[in-house]
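Coordinates in review
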Amino acid sequence: MGKLTIEGRHFKLDGEVFQIRSGAIHYFRVLPEYWEDRLIKLINCGFNTVETYVPWNIHEPEENEYCFEGICDVVKFVKTAQKVGLKVILRVTP
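Residues numbered from 1 in each chain as written. Predicted model: local features only at pLDDT ≥ 70, side-chain atom pairs only at ≥ 80, totals over all residues. Heavy atoms only, no water.

1. A look at helix H1 (residues 35-44)
Restricting attention to buried positions, one finds in H1 the residues Trp-35, Leu-39 and Leu-42. Along H1, the residues classed as buried sweep out an arc of 50° about the axis, all on the same side. For H1, the elements touching its buried residues are strand S4 (22-24), strand S5 (49-54) and helix H3 (74-84). Backbone geometry just after H1 places Gly-46 at a positive phi near 100°. (Buried < 20%, exposed > 50% of the residue type's maximum accessible area, 1.4 Å probe, protein only. Helix = DSSP H or I, 4+ residues; strand = E, 2+ residues; numbered from the N terminus. Arc of directions from axis to C-beta. Contact = heavy atoms within 4.5 Å.)

In structure tokens form, the structure reads like this:
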């Protein structure tokens, strides 16, 4: 994964200057069988990072009732992004 730090006006990843170039893919709007394909297309567009938010209302549709399977499997999405070589920015929402 690497260590991301800030030095002056630069991000550094493992001590090397790193420019975050991110594009958004909302995992819960794409069928899981297409995640890898879409993430590779993001790389082909020149991005090195995928950004997505985590819509809590789909993960907890009812109080104390949780869903992290299928289209809601955020862990699988993140692991797929890492597998193809992308960094990930997760934005958790209320």
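So that's the structure; there's more coming.
2. Some thoughts on the environment of Gly-46
Within the secondary structure layout, Gly-46 lies in the loop between H1 and S5. Taking C-alpha positions, Gly-46 is 18 Å from Leu-13, a pair spaced 33 residues apart along the chain.

3. Quick word on the sheet that holds strand S1 (residues 4-7)
Taken together, three strands build an open sheet; the order of strands is S1-S2-S3 and the sheet is antiparallel. Each edge of the open sheet carries a strand with a single partner, namely S1 and strand S3 (16-17). With two bridges joining them, strand S2 (residues 10-13) and S3 adopt antiparallel strand pairing. In the strand pairing of S3, Leu-13 is matched with Glu-16. (Pairing = 2+ DSSP bridges.)

4. Brief notes about the pattern of salt bridges
According to the stated counting rule, one finds five salt bridges in the structure shown. Note that Asp-37 is salt-bridged to Lys-41, the shortest N-O span being 3.1 Å. With Asp-37 and Lys-41 both in helix H1 and four residues apart, the pair spans about one turn of that helix. The salt bridge partner of Glu-51 is Arg-91, with a shortest N-O separation of 2.5 Å. Here Glu-51, found in strand S5, pairs with Arg-91, found in strand S6 (residues 87-92); they are 40 residues apart in sequence, far enough to count as distant. Look at Arg-91 and you get partly exposed, because its relative accessible area is 43%. Within this structure, Asp-37, Arg-38 and Lys-41 form a network of salt bridges that share partners. (Salt bridge = Lys/Arg side-chain N within 4 Å of Asp/Glu carboxyl O.)

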